[in-house]
Every structure is written in structure tokens, then in C-alpha cells.
Amino acid sequence: MSRVMAYQQKLAEKLTILNDRGSGVLIRIYNIKKTCADPKAKPQHLVDKNMEAAVRYINKKFPNIDFRSSNQQLGHIQKEKSEVMKQLSVYYMSFVDVMEFRDHVYELLNTIDACQCYFDININYDFTKNYLDLIVTYTSVILMLSRIEDRKVLIGMYNYAHEMCHGSSDSSYARLGQMIMEYDNPLKKLTEEFGPHNKAVTDALFSLQFLFARRTFPADQWRNAQMLNLTSNAADMLNPANSDTMACECLSVDIMERWIVIGFLLCHVGLNSNPQQQDLWKAGLKCSLCVTLIRDEVLFIHKVTEDFFVNLKGYGKRIADIKECREFATLNNAQFHRDRRIFLRSAVKDLATVLTDQPGLLGPKALFVFMALSFSRDEVFWLVRHAENITKPKIPDDYIDTSIAEMLFAMEDLRVLLQKYKKVLQRYHLQYLSQFDALLLGEIIQNLSVCPEEESVIMSSFVRTLSSLSLKQVENGDSFDFQGLRMDWFRLQAYSSVLKAPLSLRENTDLGKVMNLIVFHTKLLDSLEGLISDTSDLYTLCFYPRSFEKMFVHALEDQSMLRYSISFPLICSHFIKSIHELCPEEYPALENRSISMCNSALEEIAKQASNNILEICAEQWSLREKLLPKHSAATISKARTVRMKKPPARKMEPEREKPGAESLRKDRTIVTNLDKFHYNLTELCVALNYTSSILVFHHTIIPLEYLYSQLEIRLNKAFVRIVNKNQTTEDITKPSEVLACIRAYISTLQSVAHYVNIDVSRLIKSVMLQQTQSQDSTGEPTITTIYTNWYLEKILRQASSGIIIHSPAKKAFISSSENNDQVVNAEEYTDVWQMQALAELITAYGMKFLTENLMWHISSQVNELKKLVRECMDTLIQIRSSYNNPEQMMLLMKKLETADNVLKRMTIIGTILAFRSMAMDGLREVLTAKCPFLMGPVECLKNCISADTDIKITLSVFDLAMSAGISCDIDQALVTALANQKTENTAPEEEYKMACLLMVFVAVSLPKLAEDQLSFYNKDNEGYSNNIHCLAKAIIHVFAALFTILGKNIEEHLKEFLLLASTSLLQLGQETDKTATRNRDSVYLLLQFIVEESSFLTVDMLETCFPYVLLRNAYREAYRACILSTFQ
């Protein structure tokens, strides 16, 4: 063929375009296959039961379907013809694309045959590689097409809908239907098609002979040759790494296997006559049990080849060769590749270590880096492909590598180094191109015996382009673009590879070798990312999620692999390279899958790290818990026994291990649990610290945020678990012990900053803030909720029944001595220290939640009290109007049958308010100690409030003060709770009347308390066994709140209450029944408590209505009775 015709054919351009087009078509066909295989994603018309008859009919008659006379079977398609066309058009046009791609491939292959092109992977690398890629891509498209079971239905159904809509079949249907039928047995048809191309294909394949043999050396030969070792020969360390087959050094073995196996499957004539071709073919069959067609679709080469050769005459020996190769691969390949992975793990790791220390070596040794990446990727692909598809290996662990993470991590290290020191590579190779490659190329051009004008122009432009390069371009950050140069070299390869070309590459091999070297160097300047992607992208793992997960799990199970586990999330950033512009519909699915896999891996790493952190915290708390004061009793008792020289008890408890004993080690090789946790945490934190962010499909993922999130969730659970000591018995940990435990956790967490760059302060603040709310971020109960519910149920409920007593002297609730079966020791949970610890745990936010719950219970009791008032309203009105008539009052009081109920409910309110007062005192002490600069202004502001201040301002200031734990005359929280209880239909006058009558009811009911034998004042507790001393708080705060809501004068109404109560109690002096006056003196003291509780009442006011001498005598009698009971 003439040189002019070779130029006109544009072989290089066509190969480039068709290969890209073929990749897109192949991905589209792959996507169709996967879609049709998934019942959820399958086109609706193929799974519709109404379409079953049509589907069977089309499958049976395809492609010669009589659409006119088949209305009975195809009637449902006709009804939905528009929808069918709309839904199936994408599938149909994809099949048309396959047909058009086949036509263009036919045409180009015939043209190449007509040109009698010369192929040698070592010389015209781009031309040969693109030619073989086109053959394999085309074959893969056809094989994938034959694997789509619904292809006939998709085409036939669309064409029928098209005919119903437009009155005629689609123009491509006839040829498309014929193509589908021809490829029912794809290999048979393909071998017929490639018969004319046998020589070109086998020549191209045969050029791989020495390259493939060298790339499939065993690990021992690599080791003996010091492969990838930069330090084996110090003298050559700075010499540039070059090769006569520079372009082939990074060529994937996986790709070469595919070329050889598929190429000889299509062009198998020479296998019986050419021993060299036979050897190359057998070498390809021995490498793997399956080769990749596309992504996770593979070809089981031995079975497919054997099944095909069985039907051919004269191939009996080749079938025997196939069986022999299969047996060899089954027995030896697993160990062969395991040895290579072991070698690569150490070699690539050492290479990364040297280059990290001396990044300048990246310039001369860049080839070694890309070779290491390519070799490692081939081994990963081989392992994953076989692990997924070979379900019954000879040895179960043949396709399991628990250390694969180390090699993946080393690959990522090299990728990072290349990207980090990009300018080092550019500076070195720019000088290499301009000062060596350009001169060498110019010398070769001058020595050419024949150089036509067109070729001379192209090569001269190469020299000029390379010679014009300057270091200033790198220093100024200029971008390089050598795509035109590389495309011109591709064209030149095509021109000079045809038969009888004036400038023949076959005769000028030096030109090809030098240009391949130049192409590699130019890629290091303008296409470094592309080189990295071509040699090390592991995007295929996106389609092997099960193998991906298994390898990741193995990495987490092996302590030595923990630091390398981050390589799996990093691999997810490669997955975007698997998409193609011809198949945009798969982008969302691949994006979701990639992000999901990355999230899952990072979450698991974060879970492991957070588990270790919390285990260390738990161990540290266990050590610190031994130092709590409660454990000192046994030691003190033992020391006292020794000092007093008492004989030891018969049943001696086992001696408790003293704190600090765990630090004494007789042998350093003994590894404790704490050692293991610290080691694991260190390794996992190395992984999480490796990169600050990962870019997956344009989503930026930050690994440390996963650790932060996991720690937040698990710390919340851990703190709640600490509080819930025993959920079966509803036992709970004391606030002081929980606080000590949390402090131990926090001090341990602060040391985490030494391992990983995480804001521990932000974490602790977030977790502790969540614990002050009713629920955490996951909706689970918090410390605040648990303690609130527990104190309400276990302390206050039992206090209302007299099992637990409030002791003002001890500022705590104490268990009644009369109830020996009491489970909870109330004093241990309600003393001053516990209240302060509770306040420090739940802070002001938690106190607000606690207060709201307490106020809800109080408002419920007030609501019940109002019901009791309504029942006795007439009697109470009469009592209020006749308090100056003692005799009438005595008669009216006897009509109040529910007086005991009123006192009981007011006592319950009082115990609740007493508990709240203790909690608020604890909060005030904590805030005063931690932020006195804040408490001072709040107290000052509260003291500025006077009786003349507007009530809204007063309540706002009181709300602020009570939030800081400062007690106020009016309880704003109680005001809010009672105000929310008001019914809309009740008039203000009616509410005021109810409040006044309730006050009367409580006042006139007080004498009833003298009958109760528990209404006995105890000087040690400064209270009563039935908690009636809490009535003072209930009376003052409830009525202050009620009259504040109603806008009435609190002081006037409390004076009225004091007058009514005094009158009622004074009538006890005229009572003749001793039972009714059993504890009269103790009950008198309530008036003193009421006055002391309120800032609105004074002792002078009390003395005007109740003689102080009675109070003095009452104190004397109460104390005398206490002393007498002590001696009894």
C-alpha cells in the first residue's frame, strides 16, 4: 500500500477513537446485563405478569416476528407502546451502538490487514497496544452481549412498539436481529471473522514473548536480581533508570494475559504448527484460571477454550495441553502469587521508605516507582479475581491474604510521594528531555538512511519542542501539554509500520526505543496523574465488595495490619475512574456504592479505635476506683485489729490487692490488657492520621470525624452505663462515684490527643452537654433523665409514704429506722456531697429539666387539692368568714373530712420542694466554686429587686437567679407550672377564690397533725418522722406562686394564713381528748418553721396572733421528750 494511502487511512486516530468508543459500549452492555439480572432494577415491562405471553412469544419467534397477526400475544405491548418505547429505547440504542461499533472495527481491521502493518510491542508500542486492545475490547463486547439473556426480548419488544407507533419497523432492526442470531455462539462467529486477520494478530501477540516471560518471573528471581532495590548498588543510585522497552515496563500482566488468551482463542490456527506460539499460549493459560472481560465479569479461560476446541478437528493435543495448564495453574499459582506478594510487600515498603527520606531520588528512579505500583496492582487484581470466582480451591487459604493491607498501604505511600514531589519529577525530567533526549533524538534522525519530508517535519518538531523547554516553566508553575507530541508519534508509528513504508520502524528500532523513552518522560511532566492512575488505580475493587470487605476484616483482625487499614477507604477514591461518559446512568449507583464502602470502612476503624479508647478509660477508672475512700474501711479495720492484738476472725475475707500492685512486673514480656489496648489504639490512630481527607466522587470525607462521632456515641452510652449499675434491681451509682469515674474518663481522653489530632475538649463538651438534656443525639436517655426519674421514684415517692425522711439538720434525706427492709440508703444519695456531684454532672441545664419534672408533680398535686377545695367549698367559705368565732369554727372544721388528704398532698409538695432546695444549694456551691465572677453579678441583681419592682422584671431576675441555684422569695418555675395549669374557662375571680379557700383549708387542717404519733419533733434531724416540717416550704412557695399568678399581695394573704393557722392551733389547748393533742407541742413549732421559710412573714407578725411563750414551751417539751426517748 502506498505511503499516501497510509496517511489517508488515519489508523492512529481511528484506533484511539474506536478504543475509547469500545470501552464505553462495553460498559453500557455490562450495565444492561447487571440491570436485567437484578429483579429490582429490571425494566418493568419484562417483569410484568401481563407481558409474560409477549415475552415468551418474542423469545420463540425472534427475529422473524409476525407483528400483524400476533395481537393476542402482543396486545399488552400495543396498549402501552409509548411507555415501552420510552423505557426500552436506551437498551435498544445500546445494541445499535454495538452493531455500529462492530462495523467500524471490521472496517479498520480490514484496512490494517490491507496495509500489512508491522506490530512489535517493544518498538511501535502505542500502535501494537491499541491494536490488541481493540481486538480484546471488541471480543469482550460480543461475549458480554451473548450473556444478556433478555437481549432478544428487549430488541423485539422495542421494535414492535416502534412499529405500532410509526407504522414500520426500526431501520436498524433487520441487521440488529441478524447480528444477535449470529452471536448466539459468539466464539464460533468471532473465529470466522478473525480468520483473515490471523497473521497480524499472531505477529502482534508473538512480540509479547520475551516481555511476558520476563514479567512472569517467580519471586526468587526478582529477589536475586534485587528488583526495585535502590540501595543494592550505591554507585548506581543516582543513575537514571532506563530500559530499551521503557513503555512496556509498566504494562499490566493482566492485560497481556487477556491479549494472549483471547488472541489465540480467535486466531488458533498457528497453535498446531508453530511451537513458539504454542509456548506463549500455554504460558498465558498457566498464569490464571480466569481473565477479566470487564470489571467483575470474567472468562474461565480453560473451560471456554476446551469447550471450543472440542468441536474442532485436530485439536486433541491442544485439549490435553489445556488440561495440563489448568492442573498446573490450580496447583502452583496460589503459592506463586503468594510469594510475589510477600516480596512486593517488603520491596515496595522499602522503596517508599528510601524515597520518603530522599525524595530527590524520585527523579532518576521514577521508573522503579511505577513498576512497583504496576506489579503490586497486578497481584491485587489476580488475588481478588480468583478469590471471588474460584469457589472451590485446592487449599482453603489459597486465595486469602491477611497481609494484603500492607501492600495496599505501601502503594498509597508511593502515590502520595509522587503527588507531593511532583515538581521534583518535573525539574529532573524537563532537563532530561531538553539536554539529553532532544540531543539523542536529533542524532538518530541525522543517522536515518531514508527520511521522507513528512516524517522529517514531524520528527524535527519533536526536537524543537523538547529543546525549547526551560526550568523557568517549572518555577513559574506553567502547565505542560505534550498530547500533540505523543499523538504525532502515534501517527508516525502507523505511517512507518505499513508495508514498504520509506521510513520503516522495523529497520530503525532505535528510533522507536528513544521515542518510547521520550513519551514516558513527557508524561511525567504533563500527565503524572494519568500515569499514577494507569499503574495503580484499584477501581475494580468497587465491583468486588465482598472481597473488599473480607480483606478489610482480615486487616482489622491482625494487630500488625491495623495501621494499614486506612488503605481501604483510600482505595474508594479510585472508584471514580471506573465511570465512562457513554454510560452516565450508572454514575449515581457507583457514587452511592463508593461512598457507602468508604463510610463502612472508616466507621469500622473508628469503632475499633473508640472501643480501645473506652477500654483504656475503663481500666484507668478501675485503677482509680481502688483509691476511693470507701475501700479504706477494710484496711483501717485490719490495722486496728493488729494494733489491739485481737485474734483474727475464723472466716477471713480474701486480702484485697492494694492500689499500685499492678505496676509491679517481674517480667517485661508479660503483656497486660492495658498494653494491648494502647498498642491497638496507637496503630489505629496512625491509620486515621494518615490523611486529613479523602475525596470520593467529589465528596470530601474526613476520617477523624468518624472517630469523633463514634467516641461521642460510645461515651454517651458508657456514661449512662456507669449510672445504671444494675438495671435488674434498678440499682444506681451514686453521683459522686459517677463524677469520679467521668473525671477518670476525661483525663484519659485528654491523652488521646497524643495519638490522634482530634479536639478532645470539643468532644467532652459535646458529650457532657448532651448528658444535661433529656435525650442525647441518638434519642437515648441521659444521666439527667436517669437521675431525675430515679430520685422521683426511689427517693421522693418513698418520702411521701414515710419510708424516707427529710432531715434539715443533715441536709439530706435519710432512711427511716422503722423500715428495716429499705433497699436504698437515702443518705448516701442525697447528702451535700452527692447533691453537689449531681449538680456538677447535670449542670444548670440538667437542673432545669429536673425542676420541670418536679414542678409537674407539684402542679398535679395542686390540681388535686383544688378538687378537694371544690368538694368543701361552702364549708370553707363559712370558716373564712367566722374565724373570730372559735365555737363555730370547731363545728365547721369537723365537717372537713378530707383534711388529712389535703395535709398529705401538701406534705408531698413540701418534700419535693425540699429536695429541689437541696439540689439548688448544690448547684450554687458548684457554680460559686467554678465561676464566682458570674455568681457575684447574679446575686447583686437579685438583691436589687424590691417590692416595688415590676412583677415581670422580678420574675425574670428570679428565673436567672434560680438557674444559678440562688433561692428566691417567689419560685418562678412553680409560677410557670401553675400558670400553665389554669383552665381557659375559669374566671380570674374564681381562681382567686380557689386559692384563698385552699389557704384556709390548709390552715384549719393543721391541728389534725397533732393526732399523728409520727408528728413528733426530732431534735437530731430537726424535723418530723412524717416529714410535716416540709409543709412550711409547701405553704410559702405554693401560695406565693398562686397569688403572684393572680396579681395579689402575697404578704397580706400569708398574714391571713398565719392568723387562721394560729387560731386553729390555739384551739388545741381547749381540746380534752388526749389523743387529739398527743403531739400538740411539736405541731406548734410548724408556725416557727413557716415564718423562718418566708421573707414575707416575721416573728413580730407571728407574735401578734400566737404567743411566743407557747413556742418556747413547745421547744422545751419537744427537746425534753427527745432526751427521755433516748434513755428509754
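Analysis parameters
Residues numbered from 1 in each chain as written. Predicted model: local features only at pLDDT ≥ 70, side-chain atom pairs only at ≥ 80, totals over all residues. Heavy atoms only, no water. Disulfide = S-S within 2.5 Å. Buried < 20%, exposed > 50% of the residue type's maximum accessible area, 1.4 Å probe, protein only. Salt bridge = Lys/Arg side-chain N within 4 Å of Asp/Glu carboxyl O. Helix = DSSP H or I, 4+ residues; strand = E, 2+ residues; numbered from the N terminus. Axes fitted to C-alpha atoms, helices over the stretch in contact; angles between N-to-C directions. Parallel < 35°, antiparallel > 145°, perpendicular 65-115°, else oblique. Left-handed = near helix turned anticlockwise from the far one by under 90°. Contact = heavy atoms within 4.5 Å. Nonpolar A, V, L, I, M, F, W, Y, C, P; charged D, E, K, R; others polar. Phe/Tyr/Trp six-rings, centres within 6.5 Å; stacked < 30°, edge-to-face > 60°. Lys NZ or Arg CZ within 6 Å of the ring centre and 35° of its normal. Pairing = 2+ DSSP bridges. Patch = residues over 30% accessible without salt bridge, like charges linked within 9 Å, V, L, I, M, F, W, Y side chains within 5 Å. Areas by Shrake-Rupley, 256 points an atom, 1.4 Å probe, with all protein chains shown as cover. Lys, Arg positive; Asp, Glu negative; His and termini not counted. Charge placed at Lys NZ, Arg CZ, Asp CG, Glu CD. Expected span 1.5 Å × (residues − 1).

Draft legend 1. Representation of the state of the cysteines within the structure. Inspection of the entire model under this criterion finds zero disulfides. Between Cys-115, a cysteine without a disulfide, and Cys-117, which holds the nearest cysteine sulfur, the sulfur-to-sulfur distance is 4.9 Å. Accessibility expressed as a relative area gives 0% for Cys-115, which makes it buried. Cys-931 forms no disulfide, and the closest cysteine sulfur to it belongs to Cys-940, at a distance of 16 Å. In this structure Cys-931 comes out as buried when scored by relative accessible area, which is 12%.

Draft legend 2. Representation of the pattern of salt bridges. Scanning all chains against the criterion turns up 54 salt bridges. Arg-415 serves as the salt-bridge partner of Asp-537, at 3.0 Å between the closest nitrogen and oxygen. Residue Asp-537 is found in the loop between helix 25 (528-536) and helix 26 (545-557), and its partner Arg-415 is found in helix 19 (residues 404-420); the two are separated by 122 residues along the sequence. A single burial state applies to Asp-537 and to Arg-415, both of which are buried.

Draft legend 3. Just the environment of Arg-427, in detail. With respect to the helices and strands, Arg-427 occurs in helix 20 (residues 422-446). Measuring from C-alpha to C-alpha, the distance between Arg-427 and Thr-391 comes to 50 Å, with 36 residues separating the pair along the chain.

Draft legend 4. Structural detail: the packing of helix 17 (residues 316-357) against helix 19. At a minimum axis distance of 9 Å, the contact between helix 17 and helix 19 shows a crossing angle of 30°. What the angle tells us is that helix 17 and helix 19 run roughly parallel. The interaxial crossing formed by helix 17 with helix 19 has left-handed handedness. Residues Arg-341, Leu-344, Arg-345, Val-348, Lys-349, Leu-351, Ala-352, Leu-355 and Thr-356 of helix 17 touch helix 19, and the partners they reach there are Ile-404, Glu-406, Met-407, Ala-410, Met-411, Asp-413, Leu-414 and Leu-417. In terms of residue class, the contact of helix 17 with helix 19 is made up of 11 nonpolar, one polar and five charged.

Draft legend 5. Geometry of the packing of aromatic side chains. Scanning the entire structure with this criterion turns up 38 aromatic pairs. Their ring planes at 90° and their centres at 6.2 Å tell us that Phe-62 and Tyr-173 sit as a pair that is edge-to-face. Within this pair, whereas Phe-62 is found in the loop between helix 4 (52-61) and helix 5 (71-79), its partner Tyr-173 is found in helix 9 (residues 173-182), the two being separated by 111 residues in sequence. A single burial state applies to Phe-62 and to Tyr-173, both of which are buried. Taking 6.0 Å as the distance between ring centres and 45° as the angle between the ring planes, the aromatic pair formed by Phe-308 and Phe-309 counts as tilted. Phe-309 matches Phe-308 in its accessibility class, with the two residues each being buried. In this structure an aromatic cluster arises from ring pairing among Tyr-787, Trp-790, Tyr-791, Phe-813, Tyr-829 and Phe-915. Above the plane of the ring of Phe-328 lies Lys-286, whose end atom (NZ or CZ) is 5.1 Å from the centre. Note that Lys-1048 overlies the ring of Tyr-992, its terminal NZ or CZ placed 4.7 Å from the centroid.

Draft legend 6. Up close: the environment of Leu-187. By the secondary structure assignment, Leu-187 is in helix 10 (residues 186-193). In contact with Leu-187, not counting residues within four places along its chain, are Leu-143, Leu-265, Val-304 and Phe-308.

Draft legend 7. Here's a closer look at the pairing of strand 5 (residues 804-807). Neither face of strand 5 is exposed, since Ile-804 and His-806 on one face and Ile-805 and Ser-807 on the opposite face are all buried. Relative to strand 6 (residues 812-815), strand 5 is paired through four bridges, and the arrangement is antiparallel. From the neighbouring strand, His-806 faces strand 6, where its bridge partner is Phe-813. Between strand 5 and strand 6, which pair antiparallel in sequence order, lie four residues; one of them, Lys-811, sits at a positive phi of approximately 50°.

Draft legend 8. Highlighting a negative patch on the surface. Among the surface-exposed residues, Asp-900, Glu-1011, Asp-1012, Glu-1071 and Asp-1073 lie close enough to one another that they form a single negatively charged patch. Following the sequence through the fold, Glu-1071 ends up in the loop between helix 45 (1050-1066) and helix 46 (1080-1093).

Draft legend 9. Quick peek at helix 31 (residues 703-723). Taking 1.5 Å of rise per residue, the 21 residues of helix 31 would be expected to cover 30 Å, and the 31 Å separating its terminal C-alpha atoms lies within 8% of that figure. Within helix 31, 15 of the 21 residues are buried, leaving the element largely enclosed by the surrounding structure.

Draft legend 10. Inspection of unusual backbone geometry at higher detail. Note the cis peptide between Phe-62 and Pro-63, where omega equals 0°. Take Pro-63: it is sitting in the loop between helix 4 and helix 5. Within the chain, Gln-116 stands out as a residue other than glycine whose phi angle is a positive 50°. Its identity as a non-glycine residue notwithstanding, Phe-697 has a phi of 50°, on the positive side. Examined against the element boundaries, Phe-697 turns out to sit in the loop between strand 3 (694-696) and strand 4 (699-701).

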